[in-house]
Amino acid sequence: MVGDAAGMITPLCGNGMSMALHASKLVAEQVNLFLQDRVTRQQMEQHYTNLWQQQFAKRLKMGRVIQRSLVIHG
Ligand SMILES: Cc1cc2nc3c(=O)[nH]c(=O)nc-3n(C[C@H](O)[C@H](O)[C@H](O)COP(=O)(O)OP(=O)(O)OC[C@H]3O[C@@H](n4cnc5c(N)ncnc54)[C@H](O)[C@@H]3O)c2cc1C
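Residues numbered from 1 in each chain as written. Predicted model: local features only at pLDDT ≥ 70, side-chain atom pairs only at ≥ 80, totals over all residues. Heavy atoms only, no water.

**Q** Can you help me understand the site of the ligand in this one?
**A** As a structural note, the neighbourhood of the ligand is formed by Gly3, Asp4, Asn15, Gly16, Met17 and Ala20. One nitrogen or oxygen atom from the main chain of glycine 16 is found 3.2 Å from an oxygen atom belonging to the ligand. A distance of 3.0 Å separates an oxygen atom of the ligand from a polar atom in the backbone of methionine 17. Relative to its free-state accessible area of 1,000 Å², the ligand is covered by the protein chains to the extent of 23%. Tallied by class, residues from the shell around the ligand come to 2 nonpolar, 3 polar and 1 charged. (Near = heavy atom within 4 Å. Polar contact = N/O pair within 3.5 Å; in protein donor to acceptor, adjacent residues only side chain to side chain. Areas by Shrake-Rupley, 256 points an atom, 1.4 Å probe, with all protein chains shown as cover. Nonpolar A, V, L, I, M, F, W, Y, C, P; charged D, E, K, R; others polar.)

Right under this line is the structure:
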């Protein structure tokens with residue numbers, strides 16, 4: 001999954017378009033290696049998943065934590 005399909009950033013953090021473009025670059029590089037027979041499909045998917053986690057997982061989690069802490073309960 002790439003862009004919003006992989007994980008959506010909270011509105012507070014913005015930058016959804018930039019994340020989608022960045023993830024597209026990550027996935028394109030891995031697909032390119034696969035098409036050149038330099039990695040298997042499984043390796044391609046695993047490498048992309050690892051790169052995505054390194055790049056975005058912490059940011060998305062932090063966004064959710066900050067957003068939750070700012071919700072006003074009435
Ligand atoms: C109201 C709103 C305001 C936003 N404001 C900002 C902002 O100011 N700054 C910012 O960085 N981000 C903003 N975002 C977030 C940003 O728009 C998204 O994070 C970004 O567009 C995600 O890109 P994407 O390619 O993953 O998905 P999308 O841009 O949603 O692209 C997915 C595309 O796939 C198409 N599609 C869906 N199903 C199929 C199918 N079965 N077959 C073929 N095509 C299909 C859709 O029509 C769409 O064109 C906003 C989002 C919303 C909803």
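There's plenty left to go through after this.
**Q** Mind showing me how you'd approach the packing of aromatic side chains here?
**A** For any pair of aromatic rings, the description consists of the separation of the ring centres together with the inter-plane angle of the planes. Counted by the stated rule, this structure contains 1 aromatic pair. Seen from their ring centres, tryptophan 52 and phenylalanine 56 are 5.5 Å apart, and the 55 degrees between their planes marks the pair as tilted. With tryptophan 52 and phenylalanine 56 both in helix 2 (residues 41-70) and 4 residues apart, the pair spans about one turn of that helix. Judged on exposure class, the residue tryptophan 52 and its partner phenylalanine 56 are both buried. (Phe/Tyr/Trp six-rings, centres within 6.5 Å; stacked < 30°, edge-to-face > 60°. Helix = DSSP H or I, 4+ residues; strand = E, 2+ residues; numbered from the N terminus. Buried < 20%, exposed > 50% of the residue type's maximum accessible area, 1.4 Å probe, protein only.)

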